[in-house]
Amino acid sequence: MTLKELNPVIEIALKQIDFVERYRSLSDEYNEIKTPLNERLRYIDGEIIIESVENLGYTVGFNSKEKFFLQKTSELMTNIKRWLSLI
């Protein structure tokens, strides 16, 4: 699969939600010329996020290829069950 190819199921879904136009609209609404500095999303270093999540007692990693953070589901479910048992 090349970068220009897209899974047909994903392509259909993106067309159904009018992804391209919605993206353009958001991009235009929040561009750096129109959006004041104090209202822009801030870049947060991944190490800060990992450290913060680990300080909460979770094991976390970062998938650099896909650009997202990973957390062990079983560990999360254990903690959710623990929190729910306290209610």
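To keep things clear, this report deals only with the structure shown in the data block. (Residues numbered from 1 in each chain as written. Predicted model: local features only at pLDDT ≥ 70, side-chain atom pairs only at ≥ 80, totals over all residues. Heavy atoms only, no water.)

1. Some details on the overall build of the protein chain
And step 1. Along its length, the protein chain carries four helices and two strands.
And step 2. Looking at the protein chain as a whole, 7% of its 87 residues qualify as buried.
And step 3. Pairs at least 24 apart in sequence give 3% of the contacts found in the protein chain among residues at least 6 apart.
And step 4. If you sum the accessible surface of the protein chain, you get close to 8,300 Å²; carbon and sulfur atoms cover 59% of it. (Helix = DSSP H or I, 4+ residues; strand = E, 2+ residues; numbered from the N terminus. Buried < 20%, exposed > 50% of the residue type's maximum accessible area, 1.4 Å probe, protein only. Contact = heavy atoms within 4.5 Å. Areas by Shrake-Rupley, 256 points an atom, 1.4 Å probe, with all protein chains shown as cover.)

2. Remarks on helix 1 (residues 8-16)
And step 1. Burial analysis of helix 1 places just zero of its nine residues in the buried class, a small minority of the element.
And step 2. Two or three places before Val-9, at the opening of helix 1, Asn-7 has a side-chain oxygen 2.8 Å from that residue's backbone nitrogen.
And step 3. Once helix 1 ends, the next one or two residues include Asp-18, with phi positive near 55 degrees. (Polar contact = N/O pair within 3.5 Å; in protein donor to acceptor, adjacent residues only side chain to side chain.)

3. Brief notes about a negative patch on the surface
And step 1. On the surface, Asp-45, Glu-47, Glu-51 and Glu-54 cluster together to form a negatively charged patch.
And step 2. Since its relative accessible area comes to 32%, Asp-45 is described here as partly exposed. (Patch = residues over 30% accessible without salt bridge, like charges linked within 9 Å, V, L, I, M, F, W, Y side chains within 5 Å. Salt bridge = Lys/Arg side-chain N within 4 Å of Asp/Glu carboxyl O. Lys, Arg positive; Asp, Glu negative; His and termini not counted. Charge placed at Lys NZ, Arg CZ, Asp CG, Glu CD.)

4. Quick word on the pattern of salt bridges
Side chains that carry opposite charge are capable of pairing whenever their charged atoms lie near each other.
And step 1. Counted by the stated rule, this structure contains two salt bridges.
And step 2. One salt bridge connects Glu-11 with Lys-15, and the closest N-O pair in it is separated by 3.2 Å. Taken together, the residues Glu-11 and Lys-15, both in helix 1 and four residues apart, mark about one turn of the helix.
And step 3. Look at Glu-11 and you get partly exposed, because its relative accessible area is 32%.
And step 4. Overall, Lys-15 belongs to the exposed group, its relative accessible area being 61%.

5. Regarding unusual backbone geometry
And step 1. The phi torsion at Asp-18 lies on the positive side, around 55 degrees, for a residue other than glycine.
And step 2. Tracing the sequence through the fold places Asp-18 in the loop between helix 1 and helix 2 (19-29).

6. Quick word on the environment of Leu-14
And step 1. Considering the arrangement of structural elements, one finds Leu-14 in helix 1.
And step 2. Overall, the relative accessible area of 28% leaves Leu-14 in the partly exposed class.
And step 3. Discounting residues that sit within four places of it in the chain, Leu-14 has contacts with Leu-6 and Phe-19.

Take it as geometry only, folks, not as evidence of what the structure does.
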